[in-house]
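# Examining the three-dimensional arrangement
Each chain, letter by letter, is given below.
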Amino acid sequence: MSRVERAFDRATSALYRGSAVALLLILVLMLVRVVSRNLSLGISGLQIVAQAAAVWLTFMIVGALEWERRHIEIDYFTDRIPERWQPLHEIFVTLVGTYAAYVIFVGSAIAMVTFADSTSPAVDIPIPFYYAASTLGAGFLLSIYGYRIYSAVQEVRR
């Protein structure tokens, strides 16, 4: 296993830990919200904070799943491609994913700058906090895709 692959493994483990914390936070916040509503405690903004945690959970887990190749794939099609065409198919699919991740990454970075001084109305969460999740997730995806393209090109060159 190369140094790059070990680094991706460590990053994936960190993202899984972060997503577990986000999931636990969502659970606790929703339980507190239900108790608050049933006991008329008047605690507000819990759902919005839980939604922010869900955004982070989504973007942390997407890169980890991609690194482990546990994402959704059209197996019916990909399993029927001749073996010699598999590396080219991998490059094409990765390029499409790279473009999508790039659009998300750039859009999120622009939104972070555009809304740098904004906060959500109910609980004053800085709006860039939401976009930082997609910037992190798409950035991790871009690094994985870059490594995959490099590896596939090396395989084709052999």
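Just above sits the structure.
Read on for a plain summary of the structure. (Residues numbered from 1 in each chain as written. Predicted model: local features only at pLDDT ≥ 70, side-chain atom pairs only at ≥ 80, totals over all residues. Heavy atoms only, no water.)

## Considerations on the overall build of the protein
If you tally the helices and strands in the protein, you get 5 helices and 0 strands. Rg of the C-alpha trace for the protein: 20 Å, well past the compact-globule value of 15 Å for 158 residues, more than 25% over. A principal-axis box enclosing the C-alpha atoms of the protein has dimensions of 65 × 30 × 30 Å. Within the protein, the fraction of its 158 residues that count as buried is 30%. Taking as baseline every contact in the protein between residues at least 6 positions apart, the subset at least 24 positions apart corresponds to 73%. As displayed, the protein offers around 10400 Å² of accessible surface, 66% of which is attributable to carbon and sulfur atoms. Here the protein holds 13 positive side-chain charges and 12 negative ones, and the gap between their average locations is 4 Å. (Helix = DSSP H or I, 4+ residues; strand = E, 2+ residues; numbered from the N terminus. Rg over C-alpha atoms; globule rule 2.2 N^0.38 Å. Buried < 20%, exposed > 50% of the residue type's maximum accessible area, 1.4 Å probe, protein only. Contact = heavy atoms within 4.5 Å. Areas by Shrake-Rupley, 256 points an atom, 1.4 Å probe, with all protein chains shown as cover. Lys, Arg positive; Asp, Glu negative; His and termini not counted. Charge placed at Lys NZ, Arg CZ, Asp CG, Glu CD.)

## Focus on helix H1 (residues 3-38)
Taking 1.5 Å per residue, 36 residues should reach 52 Å; H1 reaches 53 Å between its end C-alpha atoms and fits that length. Of all the positions in H1, only Phe 8, Thr 12, Leu 15, Ser 19, Ala 22, Ile 26, Leu 29 and Ser 36 are classed as buried. Contacts from the buried residues of H1 go to helix H2 (46-67) and helix H5 (127-157). Once H1 ends, the next one or two residues include Ser 40, with phi positive near 55°. (Expected span 1.5 Å × (residues − 1).)

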